[in-house]
Amino acid sequence: MNLSLTLYLIRHPRPLIAPGVCYGRFDVAAEDPAPIAAALREKLPGSAPVWTSPLQRCRRLAEQLHPQPRQDSRLQEIDFGRWEGQAWDDVPRPELDAWAADLLNYAPPNGESPARLAARVDAFIAELPPGAHILVTHAGVIRVLQARAEQIPLATALRRPAVAYGSLLQITISCPGKRR
């Protein structure tokens, strides 16, 4: 019998950063997580482990949901390398064009590609035991997991609008290699 993961995906609160600035691994503060946590608690399974990206915008919300959330660096947002902290308008146009031409495989200088992001998220998911898990993470990670749950190409999921800050999305992913 195939088992599954029920994932409660929570995007971090709105970052406290100027509009139009590139941030992925850039560790920026976010709005107060307490009201978001209060609104989410009744929608989450009380016995499920809480996993979080170590970046403070996720970690602070996870700490509001559980006294000891489990941090995993594979839940961090994509690494935009040299683009981190720059205004998008200041990123060299040829680099943006190269990214647009190969959305899955292009990596910004000193950064990572969406395909590499997906590989580390897949490695994380492969280690989870079947059942419910709460993940406090980022839009890129959530898109990867949506693609897996919906069995759609990652490129399709990457073109979707990001889920809202502080929002909850419940998905189910089959674990074909895991059996009772």
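Quick caveat: nothing in here was measured; it's all calculated off a predicted structure. (Residues numbered from 1 in each chain as written. Predicted model: local features only at pLDDT ≥ 70, side-chain atom pairs only at ≥ 80, totals over all residues. Heavy atoms only, no water.)

## A look at the sheet that holds strand β4 (residues 131-137)
Pairing between the strands of a sheet comes from backbone hydrogen bonds, and it takes one of two forms, parallel or antiparallel.
Here's step 1: Pairing is mixed across the open sheet formed by 5 strands, whose spatial order is β3-β2-β4-β1-β5. Both edges of this open sheet fall to β3 (70-71) and β5 (168-175), since each of them pairs with a single strand only.
Here's step 2: Relative to β4, strand β2 (residues 50-52) runs parallel, the two being bridged by 3 bridges. Considered in β4, the bridge of Val50 is made with Ile134.
Here's step 3: Where helix α2 (residues 56-65) meets the sheet, its contacts fall on β1 (3-11), β2, β3 and β4, and the angle it forms with β4 comes to roughly 140 degrees. (Pairing = 2+ DSSP bridges. Helix = DSSP H or I, 4+ residues; strand = E, 2+ residues; numbered from the N terminus. Contact = heavy atoms within 4.5 Å. Axes fitted to C-alpha atoms, helices over the stretch in contact; angles between N-to-C directions.)

## A short note on helix α4 (residues 114-127)
Here's step 1: Between its first and last C-alpha atoms α4 spans 20 Å; for 14 residues at 1.5 Å apiece the expected length is 20 Å, and the two agree.
Here's step 2: Considered for burial, the residues of α4 that qualify are Pro114, Leu117, Ala118, Arg120, Val121, Phe124 and Ile125. An end-on view of α4 places all buried positions within 165 degrees of arc, on one side of the element. Residues of α4 that are exposed and point more than 90 degrees away from the buried face comprise Ala126 and Glu127.
Here's step 3: Turning to α4, the residues buried within the fold contact β1, β2, β4, α5 (139-150) and α6 (154-158). (Expected span 1.5 Å × (residues − 1). Buried < 20%, exposed > 50% of the residue type's maximum accessible area, 1.4 Å probe, protein only. Arc of directions from axis to C-beta.)

## Comments concerning the packing of aromatic side chains
Here's step 1: On inspection of all chains with the given rule, the structure shows 8 aromatic pairs.
Here's step 2: Plain terms: the ring middles of Trp83 and Trp88 are 5.9 Å apart, the flat faces sit at 70 degrees to each other, and that makes the pair edge-to-face.
Here's step 3: Judged by its relative accessible area of 0%, Trp83 falls in the buried class.
Here's step 4: These aromatic residues form a ring-pair network of at least three members: Phe80, Trp83, Trp88, Trp99 and Tyr106. (Phe/Tyr/Trp six-rings, centres within 6.5 Å; stacked < 30°, edge-to-face > 60°.)

## So, the pattern of salt bridges
Here's step 1: By the definition in use, this model includes 10 salt bridges.
Here's step 2: The shortest N-O distance in the salt bridge between Arg74 and Glu127 comes to 3.0 Å. Residue Arg74 is found in the loop between β3 and α3 (93-101), and its partner Glu127 is found in helix α4; the two are separated by 53 residues along the sequence.
Here's step 3: For Glu127, a relative accessible area of 55% translates into the label exposed.
Here's step 4: Residues joined by salt bridges that share partners form a network here, namely Arg25, Asp79, Glu112 and Arg120. (Salt bridge = Lys/Arg side-chain N within 4 Å of Asp/Glu carboxyl O.)

## What to know about the state of the cysteines
Here's step 1: Applying the stated criterion across every chain yields a total of 0 disulfides.
Here's step 2: With no disulfide of its own, Cys22 lies 16 Å from the sulfur of Cys58, the closest cysteine sulfur. (Disulfide = S-S within 2.5 Å.)

## Overview of the pairing of β4
Here is the key point about a regular strand: its side chains alternate between the two faces of the sheet.
Here's step 1: Burial within β4 is extensive, with 5 of its 7 residues counted as buried.
Here's step 2: Looking at chain direction, β1 and β4 are connected through 7 bridges and run parallel. Bridge pairing in β4 links Leu7 to His133.

## Concerning the layout of surface pockets
Here's step 1: Size it by volume and the largest pocket reaches roughly 440 Å³.
Here's step 2: Lining of the largest pocket is provided by 21 residues; of these, Glu77, Ile78, Phe80, Trp99 and Arg143 occupy positions nearest its centre.
Here's step 3: Of all the secondary-structure elements, those providing two or more residues to the lining of the largest pocket are α4 and α5.
Here's step 4: Partitioned by chemical class, the residues of the lining of the largest pocket number 14 nonpolar, 3 polar and 4 charged. (1 Å grid on protein atoms, 1.4 Å probe; cavity = no way out; pocket = protein on both sides within 12 Å on 5 of 7 lines; lining within 4 Å. Points joined across faces, edges and corners; volume = space filled by probe spheres on them. Nonpolar A, V, L, I, M, F, W, Y, C, P; charged D, E, K, R; others polar.)

## Description of the nonpolar core
Here's step 1: Counting residues in each nonpolar core, the largest one holds 32 residues, and the members touching the most others are Leu7, Trp83, Ile125, Leu135 and Leu145.
Here's step 2: Contributions of two or more residues to this core are made by β1, α3, α4, α5, α6 and β5. (Core = buried A, V, L, I, M, F, W, Y, C linked by side-chain atoms within 4.5 Å.)

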